[in-house]
Amino acid sequence: MRFLFKTSYAQDIALARHEGHRFWYSLLVVLLVAAPWLLSEYGLAQLTFVLIYAIVGLGLMLLAGFTGLFSIGHAAFLGVGAYTEAVLVAAGLPFPLALLCAMLLAAAVGVVVGLPALRVKGIYLGIATMAFGFVVAEVFARWESVTGGNAGLQVKAPAIGTWSVDDGVSFYLLCLVLTIVATLGVLNLLRSPTGRAFVAIRDSEISAQSMGIHLARYKTLSFAISAALAGLGGALYAHMIKFLSPDQFDIVQSIDLLLMVVIGGLGSVHGAFLGAIFLIVMPQAINAAKDFLPEAIGMAPGLKAAVYGLVLIVFVLFEPMGLYGRWLKIRTWFSVFPFYRRGMFKRQKSFQKSERLR
Amino acid sequence: MSAAAGTTAAPLLSVREISVHFGGVRAVDGVSFDVQPGEVFTLIGPNGAGKTTVFNLISRIYAPTSGRIEFGGVELTRCAPHEVAGLGVARTFQNIELFEHASVLQNLLIGRHTHRRTGFFGDLFFTPAARAAALQEREEVEQVIDFLELAHYRDSLIAGLPYGVRKVVELARALCMKPKLLLLDEPSSGLNVEETEGMAWWIHDIRRELGITVLMVEHDMGLVSKVSDRVLAMNQGQVLALGDPATVQAHPGVVEAYLGGSQDLSSLRRERA
């Protein structure tokens, strides 16, 4: 078991708390940078998808996991980012500028969607965001002069001047850099007053308000950041998949995104990454398993949806803290061996809450 | 108790004829009182008397139907709910409202929110200024941790702490705001005898060492008479009596509100023919 000898307050706000962190995260970055030479072209493409979904997951984690606002329409922000990027790059805008515009436009849309969040909570917010998702998907399909409608839209490779990022390796490295920047940004927010205000709103709005936290401002801010990250992910997604159509941003995509953060582990940054890995690896695993299953099951339509549903139910019932929660338990089991107790992570039932107001 | 003596000084909090009606229910009906700087002022009264509603009016969770609340020269009824904290009013809740899935330290740091000096972009890039501010906030919080002897629980999650400790953490979080006025809603509810005694000492120290004015709602008359300078008794939204603890406890209206009048008792007595 590691014993942390704290001698300064700076240790508590450092991103890497001890040598273990420094060693393992450095190793991870080295491996990720070396990935183009370690993986096949197909493997690298899958890893790129993991990074893209992780960026979107970070945004949704900030909103759902840290601010407690659930969005069942996040694919809409992904779509806004993707289409903005596609249209602007086609118009000849330099790639970084188009990326920035995609983020800003998604954030602006996020602010608009965030407005009902000031009035409705919980399941009602979910319904409001879901309705918004349908509206945006409809706009993608009908606004044919810009989005190409159901016929789809080709996306050009990202380019700055004459230099173009058109091969898999350089695009992967671009995604890697943006993922690291996004992760550091989110971690910075979480260790500063802004992130703490989000957590306060998640755990008790009434109390957050009497601590002087402007609920409307911070909820809107959370929606904006979350949408901006989804927009960034969407822009990269557009370049990765090279062809956009409205059905990529429908309710199923939104549910996949929500599934990702819930299975990854709500309220942890690691969860966004673990969830993204799950979301990309799972269809591959199901495909691989098909060969071993009886034909009636293996070839059944909707197998993927059924497995996802089952996994979600299992997680909600047995591991509400998600994959990251499971990892924490395993790590604790080893670090305190043989003193692990079953109840170590059991949360006490909360005491009676104050009458909720408004 | 000396601090209560200066009734001629400008009051810190001045409540004038406030009323709040929920439909036909007059939860608070024309209540007026002044809280002088540096005193411990207690609201007592039977359940449903409107004590917590008065608190919720001061912290702007409810808007009064009529009346004025002035704090340090500022009209509170015109402030938005989150602005009240910025003026220097901190509060605790009857049923603890802590941030359950955060550590004690994080809870206390959230208490420093009104003193934040960094903006969103400073936070996002964690600029040197943001780092310096974070360390400064930590220093402030550590003073409160020392004061309330919470060092042992610093890194524990709230969800795993016993009730008595949570109560102290909530008090600590309010103190982190460096308030001028501290509203305590039943500080001793759910505490055992020793913990209640500890709470009495802390309220005493908060007033004496930190110079914070305290307005509290409390049922434990032992605690009330130990720490209060003045007591206001309420019943059914109206003021019954105001004065020092002994006077108010002896007031016939207060006795009647708590125990029922003598004729009430006789009406309860079973008639034997």
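Residues numbered from 1 in each chain as written. Chains lettered and ligands numbered in written order. Predicted model: local features only at pLDDT ≥ 70, side-chain atom pairs only at ≥ 80, totals over all residues.

**Quick notes on the sheet that holds strand E6 (residues 89-91) of chain B**
All names here are of chain B.
Point 1. Strand order across the open sheet formed by six strands is E6-E7-E8-E3-E9-E10, with mixed pairing between neighbours. Looking at strand neighbours, the two that pair on one side only are E6 and strand E10 (238-243), the edges of this open sheet. Averaged over all pairs of adjacent strands, the angle between strand axes in this sheet comes to 20°, irrespective of strand direction.
Point 2. Across four bridges, the pairing between strand E3 (residues 40-44) and strand E8 (residues 213-217) is parallel. Pairing of Leu43 across the sheet is with Val217, part of E8. (Pairing = 2+ DSSP bridges. Helix = DSSP H or I, 4+ residues; strand = E, 2+ residues; numbered from the N terminus. Axes fitted to C-alpha atoms, helices over the stretch in contact; angles between N-to-C directions.)

**As for the pairing of E10 of chain B**
Remember that side chains alternate between the two faces of the sheet whenever the strand is regular.
Residues and elements named next belong to chain B.
Point 1. Two elements, strand E9 (residues 230-235) and E10, share five bridges in a ladder whose sense is antiparallel. If you follow Leu232 over to E10, its bridge partner there is Leu242.
Point 2. Here E9 hands over to E10 after two residues, with Gln236 in that stretch at a positive phi of 45°.

**Section: helix H6 (residues 122-142) of chain A**
An α-helix turns once per 3.6 residues; consequently, residues spaced three or four apart project the same way.
Point 1. Under the 1.5 Å per step criterion, the end-to-end length of H6 of chain A is 31 Å for 21 residues, consistent within 8% with the ideal 30 Å.
Point 2. The secondary structure elements touched by the buried residues of H6 of chain A are helix H4 (74-90), helix H5 (95-117), helix H7 (144-147) and helix H12 (251-264) of chain A. (Expected span 1.5 Å × (residues − 1). Contact = placed C-beta atoms within 7 Å.)

**Considering the interface of chain A and chain B**
Point 1. With 34 residues of chain A in contact, the opposing surface of chain B contributes 36 residues.
Point 2. Elements supplying a minimum of two residues to the side of chain A that touches chain B: helix H1 (10-13), helix H8 (168-190), helix H9 (193-203), helix H10 (205-210) and helix H11 (215-241) of chain A.
Point 3. At seven residues, the largest contribution of residues to the side of chain A that touches chain B is made by H9 of chain A.
Point 4. Partitioning the side of chain A that touches chain B into residue classes produces 15 nonpolar, 15 polar and four charged. (Nonpolar A, V, L, I, M, F, W, Y, C, P; charged D, E, K, R; others polar.)

**Quick word on the packing of helix H5 (residues 128-147) of chain B against helix H6 (residues 163-176) of chain B**
All names here are of chain B.
Point 1. Contact pair H5 / H6: the axes reach a minimum separation of 10 Å and the direction vectors enclose 140°. Taken together, the axis directions place H5 and H6 in an arrangement best described as oblique. Remark: the crossing between H5 and H6 carries right-handed chirality. Residue-level inspection shows Glu140, Val141, Val144 and Ile145 of H5 in contact with H6, the latter providing Ala172, Leu175 and Cys176. (Parallel < 35°, antiparallel > 145°, perpendicular 65-115°, else oblique. Left-handed = near helix turned anticlockwise from the far one by under 90°.)

**As for unusual backbone geometry**
Point 1. Cis geometry is adopted by the peptide bond preceding Pro338 of chain A, which originates at Phe337 of chain A and carries an omega value of 0°.
Point 2. If you trace the backbone, Pro338 of chain A turns up in the segment after helix H16 (322-335).
Point 3. A positive phi angle is found at Glu149 of chain B, which is not glycine, with a value near 55°.
Point 4. Looking at where Glu149 of chain B falls in the secondary structure, it is placed in the loop between H5 and H6.
Point 5. Looking at Glu149 of chain B, the number of C-beta atoms within 10 Å reads 12, which means it is exposed.
Point 6. Here Lys178 of chain B, not a glycine, exhibits a phi torsion of approximately 50°, which is positive.
Point 7. If you trace the backbone, Lys178 of chain B turns up in the loop between H6 and strand E7 (181-185).
Point 8. Owing to 17 C-beta atoms within 10 Å, Lys178 of chain B belongs among the partly exposed residues under this scheme. (Buried ≥ 20, exposed ≤ 12 C-beta atoms within 10 Å, placed from the backbone.)

**Description of the domain arrangement of chain B**
Bring the parts together and some accessible area is lost; that lost area is often taken as the interface size.
Residues and elements named next belong to chain B.
Point 1. Each assigned domain of chain B is listed here: domain 1 (9-88 + 179-273) and domain 2 (99-177).
Point 2. Taking the mean C-alpha position of each, domain 1 and domain 2 sit 28 Å from one another.
Point 3. Its residues assigned to classes, the side of domain 1 that touches domain 2 shows five nonpolar, two polar and one charged. (Domains from an automatic or database assignment.)

**Examining the confidence of the model for chain A**
Point 1. With 96% of its residues at a pLDDT of at least 70, chain A reaches an overall mean of 89.
Point 2. No element of chain A has a lower mean pLDDT than strand E3 (residues 163-164) of chain A, which averages 76, and none a higher one than helix H3 (residues 41-66) of chain A, which averages 96. (pLDDT = per-residue confidence, 0-100.)

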